[in-house]
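Chain by chain, the residues:
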Amino acid sequence: MKKVITYGTFDLLHYGHINLLQRAKAQGDYLVVALSTDEFNSLKGKKCYFTFEQRKKMLEALRAVDLVIPETCWEQKVADVKEFHIDTFVMGDDWKGKFDFLKDYCEVVYLPRTPEISTTQIKEELKKNGAASH
Ligand code: C2G
């Protein structure tokens, strides 16, 4: 069984995330998603709309996702790859090169991001349009 892992915040889940998760799953047979906790997100300078539990529930509902684990720090990736016997690590190419150190432990794949969609953009447009509609 070929096991794949990917990491992220996945707030306001959108089709860009779904594309990534489906392409990550297609790299093997089993997909682990390490989901950033609310505490780790504040370290990343991200404030989530949905809590960790809500974001976890949404990912667990996806056919492409087999297991969701917490991502609590930057340094857990090597341990995760070992613990879950991961064959392939996948991230969007906005991270290209950043995790090449994992090549000593597994295959590292950076996939092209889905253009034109991001959680930040959704929040900004809602703020702009929301204000206009009041
Ligand atoms: N993504 C994508 N296309 C988009 C938006 C996001 O392919 N339009 C991908 C990102 O490249 C990433 C994944 O979806 O691989 C999750 O995106 P985020 O939730 O923004 O993840 P991020 O905050 O980059 O966290 O340790 C790694 C970090 O946890 C990554």
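Everything that follows concerns the structure shown earlier in this document.
Quick look at the structure, then.

The rules behind the values
Residues numbered from 1 in each chain as written. Predicted model: local features only at pLDDT ≥ 70, side-chain atom pairs only at ≥ 80, totals over all residues. Heavy atoms only, no water. Helix = DSSP H or I, 4+ residues; strand = E, 2+ residues; numbered from the N terminus. Buried < 20%, exposed > 50% of the residue type's maximum accessible area, 1.4 Å probe, protein only. Pairing = 2+ DSSP bridges. Axes fitted to C-alpha atoms, helices over the stretch in contact; angles between N-to-C directions. Contact = heavy atoms within 4.5 Å. Near = heavy atom within 4 Å. Polar contact = N/O pair within 3.5 Å; in protein donor to acceptor, adjacent residues only side chain to side chain. Areas by Shrake-Rupley, 256 points an atom, 1.4 Å probe, with all protein chains shown as cover. Core = buried A, V, L, I, M, F, W, Y, C linked by side-chain atoms within 4.5 Å. Salt bridge = Lys/Arg side-chain N within 4 Å of Asp/Glu carboxyl O.

Its place among the elements puts Leu62 in the loop between helix H3 (52-60) and strand E3 (67-71). A relative accessible area of 23% means that Leu62 is categorised as partly exposed. Considered as a pair, Leu62 and Leu21 are 41 residues apart in the sequence and their alpha carbons are 9.0 Å apart.

Strand order in this open sheet of five strands is E3-E2-E1-E4-E5, and the pairing throughout is parallel. The open sheet has two edge strands, E3 and strand E5 (107-111), and neither has a second partner. Recorded for the sheet is a direction-independent mean angle of 25° between the axes of neighbouring strands. As defined by bridge partners, strand E2 (residues 30-36) adjoins E3 across five bridges and the pair is classed as parallel. Note on E3: the bridge partner recorded for Ala34 is Ile69. Contacts from helix H1 (residues 15-25) reach strand E1 (3-8), E2, strand E4 (88-92) and E5, with the element oriented near 140° to E2.

Turning our eyes to something else, we now look at unusual backbone geometry. One non-glycine residue, Leu12, adopts positive backbone phi at about 50°. Positionally, Leu12 belongs in the loop between E1 and H1. Classification of Leu12 as buried rests on a relative accessible area of 15%. Backbone geometry at Glu116 places phi at a positive 70°, although glycine is not the residue there. Within the secondary structure layout, Glu116 lies in the loop between E5 and helix H5 (119-133).

What follows deals with the site of the ligand. Residues in contact with the ligand amount to 21 residues; listed here are only the nearest, Lys46, Glu71, Asp94, Thr114 and Ile117. Within the side chain of Ser36, one N or O atom sits 3.4 Å away from an oxygen atom of the ligand. Relative to its free-state accessible area of 640 Å², the ligand is covered by the protein chains to the extent of 96%. Those elements that provide at least two residues to the shell around the ligand are E1, H1 and E4.

Another point: the nonpolar core. In this structure, Ile5, Phe89 and Leu102 are the most contacted members of the largest nonpolar core, which totals 16 residues. Every residue in contact with Phe89, bar those within four places of it in the chain, is listed here: Ile5, Tyr7, Lys77, Phe99, Leu102, Cys106, Glu107, Val108 and Val109. If you look at the next biggest cluster of nonpolar residues, it comprises 15 residues, including Val4, Val68, Val90 and Val109.

What follows deals with the pattern of salt bridges. Within the structure shown, the criterion is met by eight salt bridges. Here Asp66 makes a salt bridge to Lys25, at a shortest N to O gap of 2.9 Å. Here Asp66 is found in the loop between H3 and E3, whereas its partner Lys25 is found in helix H1, with 41 residues between them in sequence. The exposure class of Asp66 is partly exposed, given its relative accessible area of 36%. Note on Lys25: relative accessible area 18%, which makes it buried.

Right, let's talk about the pairing of E4 for a bit. With five of its five residues buried, E4 lies for the most part within the structure. Neither face of E4 is open: one carries Thr88, Val90 and Gly92, the other Phe89 and Met91, and all of them are buried. Pairing geometry for E4 and E5, over five bridges, is parallel. Opposite Phe89, over in E5, you have Val108 as the bridge partner.

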